[in-house]
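Spelled out, the chains give:
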Amino acid sequence: MQNLRIRRTYTVIEDKFEEAGHSAPIPVRKVAVVTVLENPYASAGYVKDLSPLTEESVDLGRRMGEMAVHALGDYTAQGYGKGGLVGLDGEHEHANALLTTVFANPIREAIGGGSAWISSMQKVVPPGTTIDIPMNHKDDVYVRSHYDGMTITLQGTPMPDEIAIIFCLASHGRINARVGGLTHEEVSARQKHAGSEVAGA
């Protein structure tokens, strides 16, 4: 990343073992990886062309993909979400320019794929503002058990001239999920079947 200046990074890891008194068969790991960048457009007023941010976000995605895989450890990702916090001297669109598909695809590659769109949230905030990052299943947005999220608060972040880019991952769906609908196992079986058909073609 030649033009994006990284100021600091964060990694948040949560391992959840039970919910409502019921133990999970396998602990659910959620991770959030965060990169805080200097905003090159802070206090610049309206700038029509934000494509330099999008172009630079490819390398940012690779870096954050490595961070995410390291944080997952022995777990594999089933759900994901993304978001951004823009300091008060910037605008909402500065985070959006960094969170497009070209940013997300290197993360998808790092975690072994992901064919569903990625839930997202961005806002312009003072330092220390909390954000809720929505999450969904990485291969099919209609898997209800994986509708979830992470609540992130970064003390002193973002400063007025910063952007915090956030990517969240979950190893499983919600503990005690029981509202029916399409399951993770059904999506996995469907993908395996599709892969075998391609291999046999």
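Residues numbered from 1 in each chain as written. Predicted model: local features only at pLDDT ≥ 70, side-chain atom pairs only at ≥ 80, totals over all residues. Heavy atoms only, no water.

**Q** Outline the pattern of salt bridges, listing residues and values.
**A** Using the criterion set out here, one finds eleven salt bridges in the structure. For the salt bridge of Asp148 with Lys30, the shortest nitrogen-to-oxygen distance reads 3.1 Å. With Asp148 in strand β6 (residues 148-153) and Lys30 in strand β2 (residues 22-38), the pair connects residues that are 118 residues apart, well separated along the chain. Through salt bridges that share partners, Arg5, Arg7, Arg8, Glu38, Asp161 and Glu162 make up one connected network. (Salt bridge = Lys/Arg side-chain N within 4 Å of Asp/Glu carboxyl O. Helix = DSSP H or I, 4+ residues; strand = E, 2+ residues; numbered from the N terminus.)

**Q** Please provide a residue-by-residue account of empty space enclosed by the protein, values included.
**A** Tallied over the full model, the rule gives one cavity of 30 Å³ or more. The computed volume of the largest cavity comes to approximately 40 Å³. For the largest cavity, the full set of lining residues is Gly79, Met135, Asn136, His146, Asp148, Ala170, His172 and Gly173. Here the residues of the lining of the largest cavity sort into two nonpolar, five polar and one charged. (1 Å grid on protein atoms, 1.4 Å probe; cavity = no way out; pocket = protein on both sides within 12 Å on 5 of 7 lines; lining within 4 Å. Points joined across faces, edges and corners; volume = space filled by probe spheres on them. Nonpolar A, V, L, I, M, F, W, Y, C, P; charged D, E, K, R; others polar.)

**Q** Give a detailed account of the environment of Thr76, specifying residues and quantitative values.
**A** Among the structural elements, Thr76 can be located in the loop between α1 (51-72) and β3 (79-86). With a relative accessible area of 57%, Thr76 lands in the exposed category. The sequence separation of Thr76 and His172 amounts to 96 residues, and the corresponding C-alpha distance is 8.5 Å. Apart from residues lying up to four places away in sequence, Thr76 is in contact with Ala170 and Ser171. (Buried < 20%, exposed > 50% of the residue type's maximum accessible area, 1.4 Å probe, protein only. Contact = heavy atoms within 4.5 Å.)

**Q** Give a description of unusual backbone geometry that names residues and reports values.
**A** Of note, the amide linkage connecting Thr157 to Pro158 takes the cis form, showing an omega dihedral of -5 degrees. Mapping Pro158 onto the fold places it in the loop between β6 and β7 (162-170). Located in the positive-phi region is Ser43, a residue other than glycine, with phi close to 65 degrees. For Ser43, the position within the fold is in the loop between β2 and α1. Its relative accessible area of 58% is what places Ser43 among the exposed residues.

**Q** Outline the layout of surface pockets, listing residues and values.
**A** In this structure, the largest pocket occupies an estimated 420 Å³ of space. Around the largest pocket, the lining is made up of 24 residues, and of these Ser145, His146, Gly173, Arg174 and Ala177 lie nearest the centre. Listing elements by their share of the lining of the largest pocket, those giving two or more residues are β2 and α4 (184-200). For the lining of the largest pocket, the element with the most residues is β2, which contributes six residues.

**Q** If you had to explain the packing of aromatic side chains to someone new, which residues and values would you point to?
**A** In total, this model carries two aromatic pairs according to the counting rule given. On the numbers, 6.1 Å between centres and 80 degrees between planes, the contact of Tyr80 with Phe167 is edge-to-face. Within this pair, whereas Tyr80 is found in strand β3, its partner Phe167 is found in strand β7, the two being separated by 87 residues in sequence. Its relative accessible area of 0% is what places Tyr80 among the buried residues. Ring pairs connect the aromatic residues Tyr80, Phe103 and Phe167, which therefore count as one cluster. (Phe/Tyr/Trp six-rings, centres within 6.5 Å; stacked < 30°, edge-to-face > 60°.)

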